[in-house]
Amino acid sequence: MVALALGGFGIGTTEFVAMGLLPDIAGDLSISEPTAGYVISAYALGVVVGAPLIAALTARVPRKVLLVALMVAFTIGNAATVFAPSYGALVASRFIAGLPHGAYFGVAGLAAASLAPAGKRAKSIALVMLGLSVANVIGVPTAAWAGQHFGWRAAFGIVTVIGVVTVAALWRFVPQLHGFRVTNPATELGALRRSQVWFTLAIGTVGFGGMFAVYTYVATTLTDVSGLSASVVPLVLMIYGVGMVVGNLLGGWIADRALIPGLYAVLAALIVVLGVFVVAAHNPIAAIVVLFAIAVTGTALVPGLQTRLMDVAADAQTLAASLNHAALNIANAGGAWLGGLVIAAGLGYTAPAAVGALLAVAGLVVLAIATRGSRREVGAEPAERPSVGAAR
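Residues numbered from 1 in each chain as written. Predicted model: local features only at pLDDT ≥ 70, side-chain atom pairs only at ≥ 80, totals over all residues. Heavy atoms only, no water.

**What to know about the packing of helix H5 (residues 63-82) against helix H6 (residues 87-115)**
- Two numbers describe how H5 lies on H6: the axes approach to 8 Å, and their chain directions differ by 155°. Here H6 runs roughly antiparallel to H5, going by the angle between their axes. For the crossing formed where H5 meets H6, the hand is left-handed. Contact residues: Arg63, Leu66, Leu67, Leu70, Met71, Ala73, Phe74, Gly77, Asn78, Ala80 and Thr81 in H5; Leu90, Ser93, Arg94, Ile96, Ala97, Pro100, Ala103, Tyr104, Val107, Ala108 and Ala111 in H6.
- A class-by-class count of the residues in the contact of H5 with H6 yields 16 nonpolar, four polar and two charged. (Axes fitted to C-alpha atoms, helices over the stretch in contact; angles between N-to-C directions. Helix = DSSP H or I, 4+ residues; strand = E, 2+ residues; numbered from the N terminus. Parallel < 35°, antiparallel > 145°, perpendicular 65-115°, else oblique. Left-handed = near helix turned anticlockwise from the far one by under 90°. Contact = heavy atoms within 4.5 Å. Nonpolar A, V, L, I, M, F, W, Y, C, P; charged D, E, K, R; others polar.)

Below, the structure is given as structure tokens:
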């Protein structure tokens, strides 16, 4: 589990550290900061493209071999970022680094579930995702500090080292996972014919977007609305990262006990805390407390969604689990875009939280539509796990 989570730690670090280094990247390459921002978009595009493509085309590849190969590709992409000679090469390297993201988390989540004791699948998936959350507490601040003091390329050099260590750890500690059923591209693509797969992806795309509508503009919100000093913002972001760790573990615990009721409860809580932030943002202490709550509730959604996708995807679990992370990256981009629209419209920096609450409401509506009239308890662990049954 630690080896699998280490991959998530590296992925989380490279995904978020670029946001804090855009001025450095822009200055070094003599481009504008908005232009530099396309390196973030390139990574997200890589995630969205790579998740379904890799999952479908590698259906017959042994799961351990695939995990190692995905992390090798991730490491190469980040090494290419370190040595990118031009802006075009940098954008291409970020796209390459993003390609393995969704597929890695999808396969790693399935591997964790296959190794889990009975009734603890979601907790095991949460442990893998924990690496992504811990990255926001440790990895991103450390890499950002290195990037600011030794040049932005140093940050991605650190990620490259993490990738190398992860490759070695996966090869040494992850078992062969022989219990996975061999599929083929046609079987994996069959997930796209299942309405419940699309419903679950839609829940993540709109519901999770609410968290990113706030997170994207949190630094300016804290300084201009809450009245905090800019020097305090990194500390608040670390607190936010701790909230993500708590939410990850809490979400796994809830999903193992009551998956569908748990998703309802988490989305309802997310709606409340996002709505409260519209008012709480005007007080520095209240803003920090509610931001922590947003991190907890938003992240708690992920293990439940991943587990539900495994339950409704039948034999196409690799593609479905990988698509979850493509959906979450779309949520990232969509939430940030909608938040930017209301700010540009002159509604202020608390408006993204209101937009986020509406997005979470939309996610709750999709969940209600998906589960209405269902006679079986989707959250109960299936008697037979089609593709992860005996990989111990």
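**Comments concerning empty space enclosed by the protein**
- For the structure on display, the rule yields three cavities of 30 Å³ or more.
- Considering only enclosed or pocket space, the largest cavity measures out at about 200 Å³ in volume.
- Of all elements in the fold, only helix H1 (2-20), helix H7 (121-150), helix H11 (209-215), helix H13 (233-257), helix H15 (284-312) and helix H16 (317-344) reach the threshold of two or more residues within the lining of the largest cavity.
- Of all the elements, H16 adds the most residues to the lining of the largest cavity, at four residues.
- Among the residues making up the lining of the largest cavity, the classes are represented as nine nonpolar, seven polar and one charged.
- Taken as a whole, the second largest cavity holds about 50 Å³ of empty space.
- Around the second largest cavity sit Gly251, Ile254, Ala255, Leu259, Gly262, Leu263, Val266, Ala300 and Gly304, which together line it.
- No other element matches helix H14 (residues 259-280), which puts four residues into the lining of the second largest cavity.
- When the residues that make up the lining of the second largest cavity are grouped by side-chain class, the tally is six nonpolar, three polar and no charged. (1 Å grid on protein atoms, 1.4 Å probe; cavity = no way out; pocket = protein on both sides within 12 Å on 5 of 7 lines; lining within 4 Å. Points joined across faces, edges and corners; volume = space filled by probe spheres on them.)

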